[in-house]
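# Inside the fold
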Amino acid sequence: MAEGDTVEDNKATGTIAGPEKSIKRAAHGDTHVEDSADVVMTDGPASKRIKVDHEDAKPENRDTQPKDRIRGVAPVKAEYIISSEPKVVDDDAAEAGIYRDDGVGGKQDSRDSRDRNGKKGKNRKKQGGQNQNRNYGHFEDAIRLCNTITYSNEFSPKACKFGERCNACHDLRKYLKEGRRDDLDTLDGKCPIFEKYGRCTAGWKCRFVKSHSKEVEREDGRKELILLQSSDSMDTDEDPDQRPGVVNVVSTDIKWELARRKVNFEKSEPYIKWLDNDTDITRKFHNAKKQGGEEAGTNGREEIRAQFVDPPLKPSEKRKIYFGKETPVLAPLTTQGNLPFRRLCVELGAQVTYSEMAMGMPLVQGQKGEWALMKAHESEIAPPRFTPKKDTIVKGYDNSKDIKFGAQISGNQPWVVMKTTEALARFLPNLRVIDLNCGCPIDLIYKAGAGSGLLDTPSKLEKMIRGMNVVSGDVPITAKLRTGVRDDKATADKLIERLAFGGFDTRDRLGAPGCAAITLHGRSRQQRYTKSANWSYIAECAALIKSYKDKKDDLTDTAKEPDQSTQANTTDGKIYFLGNGDCYSHVDYFDHIDNSGVDTVMIARGALVKPWIFEEIEKGQYLDKSASERLEYIEKFVRYGLEAWGSDEMGLGFTRRFLLEWLSFTHRYVPIGILEHLPPSLNDRPPMYQGRNDLETLLASDNYKDWLKISEMFLGPAHPSFKFQPKHKSNSYEIEAEG
């Protein structure tokens, strides 16, 4: 990124960088947008140095006097304000605030209408203002081309196993003429996959197929359509799910074996049997303690105590991991935390990433959609940034073998998460950690006993973490919590102690559960995303964890030394502790680390609104991104989406859908240069304003038609049957069929 002008803020030691470029983008070839330049004054005291002028966009006859900052409203300079009424947004859309659905092809996800037991949820209440049952129409070709033709030259198709019974089209020229929409002229009319890898994974279905095909005349005078590819390009005929640059692709055979219950869970099965027996003995022990007299009760409890046996398996030694000031973390984000978005965030400086929250049972059942969430980009298996210091060196930690990508799962029973963990550890070669979601607030998950439903069942949560640690091989286990279920009853401190040492009735026998890291979101389940995150409580829990070294020493003086394989992997035996909530700038990030005592910060909505927050953290300064730079990030997302989902009609539909989901967050970004005061706040709602140029105004629009217009700059017109319904009903879109 080119260096730009800087503005020093009196509340932060960083600067504002604002490089300006011009860019031409068009939906139909007739749009010309050009950024204006920033004029920045840096003379004088720090408190008087902030002055960013944008000559071409200043409306006349507006009151330009600074106003006092109003709580909850972004302090936009008066000359840019159109209406003082702040925008309304719905933050339950982030971090599994509303459950993900994949309603493609006009079908809503079955998980939206059924509970965890498969029963229809007729009595479930809809939340006002939210589109709960969303679908996206359908976006496929008018004529389905047989796969034996898709990757072959016209005169040399592969044999179709269905023969004359095949319902797909085998006439390539008919398909190209009648069965698909015309080639796109966006992205210079060139297939981004072919340009990068020398072979297109969509073959003849690619919407840019003219850029990698040609017609040749044979010796007999016949003309043949052929696909172009480089000699060393990757062959994707065998497994269509295997795409260039994508890792953690589980084969169809494995998913089929899981679906048919043919996979042997050799670690989970014996441990689950032991756990069931241990639970029965524990229940008897507590019942005897309640019912018997003192002497009889003591004798009875001793007899029952003698029935306890050791687990059949011990945890394997875990890989060492590291979280520190230099490793900002991208949170697991439902829908928005897809592979192209994570790839963009890694490019901008995210050091640790997580999959979208995946449900444990569908993974165990081999469901394709859930396993697709485990795919990662090759950039996510590179080591995170590591700056060794005397007090941060982890014994045995090898940064060169560490990676960025971890998986997050959800489940409501110990046996579910244990089998899920064993399957992930066995079939995914690239996992940093496996994280258990204990914070998802939505009703469907909570009422089933998963997500934040685990916050009120500490014994079950401990069993889950302990069991996952046993079956995960060398992959560390972590957990993500909220402060509690209710606003007036914070329970995270008690849960953290339990995850660090185990319950009072298990720590002596079994040692610590083996949780390597804990993330605490500073809100309760009841609170969801209202009010600010409680960083004071996060700081209390951080101090509690720091005190555990002394407590651990006291415990080991009076109890048997725990097995080292169950312990956290830091130098002093403490668990890594991450904070989460309302981080929107490098100022927030370093303040939380320095003053709240967390090892690092997990960033969710802040990254959705401005993914370059990771770049700000790395550089220690505000970055006033121009509208053209922000549009370049959108173009990158589109290119990464086409690589991940394909450049055919289906791939374009998925890319457009997830781009629109992301734009429903990015429009909330208020450029630094038009703010009256710093730092910006994630919870501030901007008034209606116009940007410093037309493109910046377009990017700030909360109108779905403008989002669609932005998508058309790179993906062309939407499929006639495409639909888009944002998380909030104020912005819904259903395209009208042409003609």
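Here the structure is shown first, and the text comes after it.
Residues numbered from 1 in each chain as written. Predicted model: local features only at pLDDT ≥ 70, side-chain atom pairs only at ≥ 80, totals over all residues. Heavy atoms only, no water.

## Observations regarding the pattern of salt bridges
- One pass over the structure, following the stated rule, counts 35 salt bridges.
- R605 is the partner of D582 in a salt bridge, and the nearest nitrogen-oxygen pair spans 2.7 Å. Taken together, the residues D582 in the loop between β18 (576-580) and α17 (586-596) and R605 in helix α18 (residues 605-609) connect sequence positions 23 residues apart.
- Between K610 and E616 there is a salt bridge, with the nearest N and O atoms lying 2.7 Å from each other.
- Classification of K610 by relative accessible area gives buried; the value is 1%. (Salt bridge = Lys/Arg side-chain N within 4 Å of Asp/Glu carboxyl O. Helix = DSSP H or I, 4+ residues; strand = E, 2+ residues; numbered from the N terminus. Buried < 20%, exposed > 50% of the residue type's maximum accessible area, 1.4 Å probe, protein only.)

## Description of unusual backbone geometry
- Put simply, L678 and P679 share a cis peptide bond, and its omega is 0°.
- Position of P679 among the secondary structure elements: in the loop between α21 (649-666) and β21 (687-689).
- A positive phi angle is found at L187, which is not glycine, with a value near 50°.
- For L187, the location among the structural elements is in the loop between α2 (172-179) and α3 (192-197).
- L187 sits in the buried class, given a relative accessible area of 9%.
- At R261, a position not held by glycine, the phi torsion is positive, near 60°.
- As for its placement among the helices and strands, R261 is situated in the loop between α4 (252-259) and α5 (268-291).
- Take R261: its relative accessible area is 77%, and that puts it in the exposed class.

## Structural notes on the nonpolar core
- If you look at the biggest cluster of nonpolar residues, it comprises 156 residues, and the most contacted ones within it are W371, L424, L436 and F577.
- Of all the elements, helix α20 (residues 627-645) adds the most residues to this core, at 8 residues.
- Once you skip the residues sitting within four places of it in the chain, L424 turns out to touch L363, W371, M374, A407, I409, L431 and I434.
- Within the second largest apolar cluster, 8 residues are counted, among which are I272, L275, M418 and V470. (Core = buried A, V, L, I, M, F, W, Y, C linked by side-chain atoms within 4.5 Å. Contact = heavy atoms within 4.5 Å.)

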